[in-house]
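The chain contents come next:
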Amino acid sequence: MLNKPKGYICANRDIKYRCISELIDREDCFCIGRLDIDTTGFVFMTNDKSISKKLSHPNYNKIKKYLVTTKEKINIDYIDMFYKGIVIDHDVICKPSILEIVDNYHCFVSLTEGKYHQIKRMFGVVGLGVNELERIALGNLILPKNLGVGQARELSEAEKNQIFDN
């Protein structure tokens, strides 16, 4: 489990950008799912290719939860729009997602897919810009508050089991 900082891409090597692989002490791991260069939070890294599909493919309905900070005020009407599935790029419809409003500028979004810039694009459709985006959970496993930005640690056996529960 890695708490990804801004400014890193989810890759093992790149000639232009810093890669999250630089933050861990293992060269045999790859990330499951990707976060944008300016998105922070929970990245799952493994050397076991057999679990990749179970954690990343939308058919497995693995919930990913994000904390979103918006540029404009969040309207309660967006809850229903997100639940019904938002259309992005004319013909691409997102699976239903759960929007939980924390306050005027903060909310949680839980979804089971990960289209390119999906959350930012969904908020763009409803007229909101995204200031900050942080993945805080994958399945039932929550990013611990005591895992600092840029830090990584191995999962306990209980956490390994927990990540496959939904």
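Draft legend 1. Examining the side chain of T69 more closely. Tracing the sequence through the fold places T69 in strand β6 (residues 64–70). Discounting residues that sit within four places of it in the chain, T69 has contacts with Y105, H106, G129, V130, N131 and E132.

Draft legend 2. Inspection of the pattern of salt bridges at higher detail. Applying the stated criterion across every chain yields a total of nine salt bridges. One salt bridge connects R153 with E159, and the closest N-O pair in it is separated by 2.7 Å. We classify R153 as partly exposed; its relative accessible area is 31%. A salt bridge links K160 to E157; the shortest N-O distance between them is 3.3 Å. Separated by three residues within a single helix, K160 and E157 lie in helix α4 (residues 157–162), roughly one turn from each other. By relative accessible area, which is 55% here, E157 ends up exposed. Linked by salt bridges that have partners in common, D36, D38 and K120 make up one network.

Draft legend 3. How the structure looks around the confidence of the model for the chain. On average, residues of the chain carry a pLDDT of 90, and 97% of them reach 70 or more. Helix α1 (residues 52–56) is the least confidently modelled element of the chain, averaging 74 in pLDDT, while strand β9 (residues 98–103) averages 98, the highest of any element.

Draft legend 4. Structural view of unusual backbone geometry. Residue D89 is not a glycine yet carries a positive backbone phi of 55°. For D89, the position within the fold is in the loop between β7 (87–88) and β8 (92–93). Relative accessible area serves as the criterion here: at 47%, D89 is assigned to the partly exposed category. Unusually for a residue other than glycine, H90 sits at a positive phi of about 65°. Locating H90 in the fold gives a position in the loop between β7 and β8.

Criteria and thresholds
- Residues numbered from 1 in each chain as written.
- Predicted model: local features only at pLDDT ≥ 70, side-chain atom pairs only at ≥ 80, totals over all residues.
- Heavy atoms only, no water.
- Helix = DSSP H or I, 4+ residues; strand = E, 2+ residues; numbered from the N terminus.
- Contact = heavy atoms within 4.5 Å.
- Salt bridge = Lys/Arg side-chain N within 4 Å of Asp/Glu carboxyl O.
- Buried < 20%, exposed > 50% of the residue type's maximum accessible area, 1.4 Å probe, protein only.
- pLDDT = per-residue confidence, 0-100.

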